[in-house]
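Observations on the model geometry
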Amino acid sequence: MERTSHPSCQSGKETMNFDTWPIAMAYVPWQRWQKIYKPEEGLAHGTIFQELDLPFTGRRCQKS
């Protein structure tokens, strides 16, 4: 990506190099090893942590 003027720059001459910005930043809290599945069960559920085994409650997109 090219260097571009950032809207918040006061002088308008300052530029920011977006190539150096990280793609994303994540926050992952520590998981406690409490109620865990056996390895075979965890593989089937997609997690070994029972607390993280939550049903997907989303819905499909509506066709227009």
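Scroll up for the structure.
Residues numbered from 1 in each chain as written. Predicted model: local features only at pLDDT ≥ 70, side-chain atom pairs only at ≥ 80, totals over all residues. Heavy atoms only, no water.

So, about the overall build of the protein chain. The helix and strand inventory of the protein chain stands at one helix and two strands. Walking the protein chain from its N terminus toward its C terminus, one meets helices and strands in the order β-β-α. Counting every position in the protein chain, which comprises 64 residues, the buried fraction comes to 8%. Looking at the protein chain alone, contacts between residues at least 24 apart form 0% of all its contacts between residues at least 6 apart. About 6900 Å² of surface is accessible on the protein chain, with carbon and sulfur atoms providing 57% of the total. (Helix = DSSP H or I, 4+ residues; strand = E, 2+ residues; numbered from the N terminus. Buried < 20%, exposed > 50% of the residue type's maximum accessible area, 1.4 Å probe, protein only. Contact = heavy atoms within 4.5 Å. Areas by Shrake-Rupley, 256 points an atom, 1.4 Å probe, with all protein chains shown as cover.)

For the rest of this paragraph, the subject is the side chain of T47. Structurally, T47 can be placed in the segment after α1 (39–45). A polar contact is formed between the side chain of T47 and the backbone nitrogen of F49, at a distance of 3.1 Å. Beyond its immediate chain neighbours, meaning those up to four positions away, T47 contacts Y37, G42, L52 and D53. (Polar contact = N/O pair within 3.5 Å; in protein donor to acceptor, adjacent residues only side chain to side chain.)

A few words now on the packing of aromatic side chains. Counting across every chain of the model gives two aromatic pairs. Between the aromatic rings of W33 and F49, the centroid separation amounts to 5.2 Å while the plane-to-plane angle is 65°, which identifies the pairing as edge-to-face. Here W33 is found in the loop between β2 (15–16) and α1, whereas its partner F49 is found in the segment after α1, with 16 residues between them in sequence. (Phe/Tyr/Trp six-rings, centres within 6.5 Å; stacked < 30°, edge-to-face > 60°.)

This part takes up the environment of Q50. Here Q50 shows up in the segment after α1. Taking the C-alpha atoms as reference, Q50 lies 8.5 Å from Q34; in sequence the two are 16 residues apart. Among residues more than four places away in sequence, those in contact with Q50 are K35, I36 and Y37.

So far we have only geometry, and geometry alone does not tell us how the molecule works.
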